[in-house]
Amino acid sequence: MAPRQPLVIRGGHLIDPSQKLDRIGDLMIEDGKISAIDPPAGQLPLGEPTVLDASGLVVTPGFVDIHAHLRVPGFEYKETLASGTRAAAAGGFTTVCAMPNTNPVIDSRSVLEAVLEQATEQAVVNVYVHGAISIGQEGVQLAELGDLSDAGAIGFTDDGIPLANSKLMRHALEYATQLGRPVSNHAEDPALIAGAAMHEGIISSRLGLPAAPRQAEEIMLSRDLLLAELTAGRYHCIHVSSGGSVDLIKRAKDRGVNVTAEVTPHHLTLTDALIAGRTEPVSATLPPYDTNTKVAPPLREQADCEALIKALADGTIDCIATDHAPHALHDKDVEFADAAVGFTALETALASVLSLVHTNQLKLATAIELLTVGPAQCYGLPAGTLKLGSPADVTIFDPDEEFIVDPTSFHSRGKNTPLAGLPMHGVVHHTFVNGAHVYDRSSPESGTLSA
Ligand SMILES: [Zn+2]
């Protein structure tokens, strides 16, 4: 590829927690890399660089999502690598890590390599892939973790299906740790959540829906943390949703267990009360039992949200991950108990996180850290920084600009979100990946690899 013209992003509010950068400045990109911050006039490249005026906007490392369901292979009617990565770019994410609960499951070198090859052809952002722990995600026989790791798996998980077999989890931790890769688990006790459609509490009693207590998560998370301690293994807690889980992680970290943790935007900002419906604002009303409120682990209570937010501020939880889970309309257009779980989240994650900033529950720089260097470090990814020489993965957004969530405008094939019609704040204007302009808000269809 011919070297692209140098680009100067001028006058934006640069926030890069990886180098404690938080000030107004200019960012220069050359040959797909960050080449200077505040270049002196003499250092400007020969010829006219392209200048992008970022005054009034925030300029950060591209966001990193370590937990996204891109549905390839097998569920292309829900999402493709093209649609999922365009959604990522529109949401400010320049790196996404795909989950392996596909058909076939990503449990072998050949399937994983096929996904990476498709990503080369279709993806507009960086794509990494998690490998499965067990063959077919059946929880019986360990997959060839070494082969998967060689092929590029960044970690191992049977996410989507809880891994109940303690011996298998022990072995996974032992092998994965030798490979230097984290293991994660959809930590919900299968017996306790069997038949459950939501979190067990006052709301579930009122609605008469089958429910499971937060202990379903805490029991399995406790086991995993104990096995991580036993094996000196590297464990990553995904979609932590309960205040009790925060306590467990904090205690494990205090004992020196090699553990990191993520939380989703929805578990930080939404509660089970939403399943009883929403009447305000009028543009965003939801009837009771709307299946777009169904997710696993389920939305919990206000006290859980508060504990999770506190855990972000004090470092018990290391990062935010979307658990982007697109579904087709027919997956959700059924009775609540039968509906598929999950939300389309890549295009609303920033606004959800910024809602915590706008209500003074989280500092802006902390929010950016949790979306950039925080997740990158959990998996050792070369991303999430504007340090000189780094790939020019850059996101430019207006944190205050209001928009109304309109799923019909999502780039994702999944329109399933409980946020439809809500006014929110925080609009991505530009996304760059390796210096390529993969998303431009003024022409949102423009994103291509070579743009
Ligand atoms: Zn999960």
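These notes cover the structure that comes with them. (Residues numbered from 1 in each chain as written. Predicted model: local features only at pLDDT ≥ 70, side-chain atom pairs only at ≥ 80, totals over all residues. Heavy atoms only, no water.)

Brief notes about the pairing of strand β16 (residues 394-404)
Part 1 of the argument: Where strand β5 (residues 58-61) lies against β16, four bridges are found, and the strand directions are antiparallel. Paired with Val 59 across the bridge in β16 is Ile 396.
Part 2 of the argument: When β16 meets strand β17 (residues 423-433), the two strands line up antiparallel, connected through eight bridges. Bridge pairing in β17 places Phe 403 opposite Met 424. (Pairing = 2+ DSSP bridges. Helix = DSSP H or I, 4+ residues; strand = E, 2+ residues; numbered from the N terminus.)

With respect to the pairing of strand β2 (residues 21-30)
Part 1 of the argument: Where strand β1 (residues 7-16) lies against β2, eight bridges are found, and the strand directions are antiparallel. The partner of His 13 across the bridge, within β2, is Ile 24.
Part 2 of the argument: Once β1 ends, the chain turns through four residues before running back antiparallel as β2, passing Lys 20 with a positive phi of about 50 degrees.
Part 3 of the argument: Of the pairings in the sheet, the one linking β2 to strand β3 (residues 33-37) comprises four bridges and is antiparallel in character. Bridge pairing links Leu 27 to Ile 37 in β3.
Part 4 of the argument: Hairpin geometry of β2 and β3 is characterised by an intervening segment of two residues between the two adjacent antiparallel strands and by a positive phi of about 50 degrees at Asp 31.

Quick look at the sheet that holds strand β7 (residues 93-98)
Either a parallel or an antiparallel arrangement is found when strands of a sheet pair, and the pairing is made through backbone hydrogen bonds.
Part 1 of the argument: Sheet architecture is open: three strands sit in the order β6-β7-β8, paired in parallel fashion. One side of each edge strand has no neighbouring strand; the edge strands of this open sheet are β6 (63-68) and β8 (126-129). With direction set aside, neighbouring strand axes in the sheet form an average angle of 20 degrees.
Part 2 of the argument: For β6 and β7, the ladder comprises four bridges, and the chain directions are parallel. (Axes fitted to C-alpha atoms, helices over the stretch in contact; angles between N-to-C directions.)

Topic: the state of the cysteines
Put plainly, two cysteines are in a disulfide when a covalent bond ties their sulfur atoms together.
Part 1 of the argument: The final tally for this structure, using the stated rule, is zero disulfides.
Part 2 of the argument: The thiol of Cys 97 is not disulfide-bonded; the next cysteine sulfur, from Cys 319, is found 10.0 Å away.
Part 3 of the argument: A relative accessible area of 0% means that Cys 97 is categorised as buried. (Disulfide = S-S within 2.5 Å. Buried < 20%, exposed > 50% of the residue type's maximum accessible area, 1.4 Å probe, protein only.)

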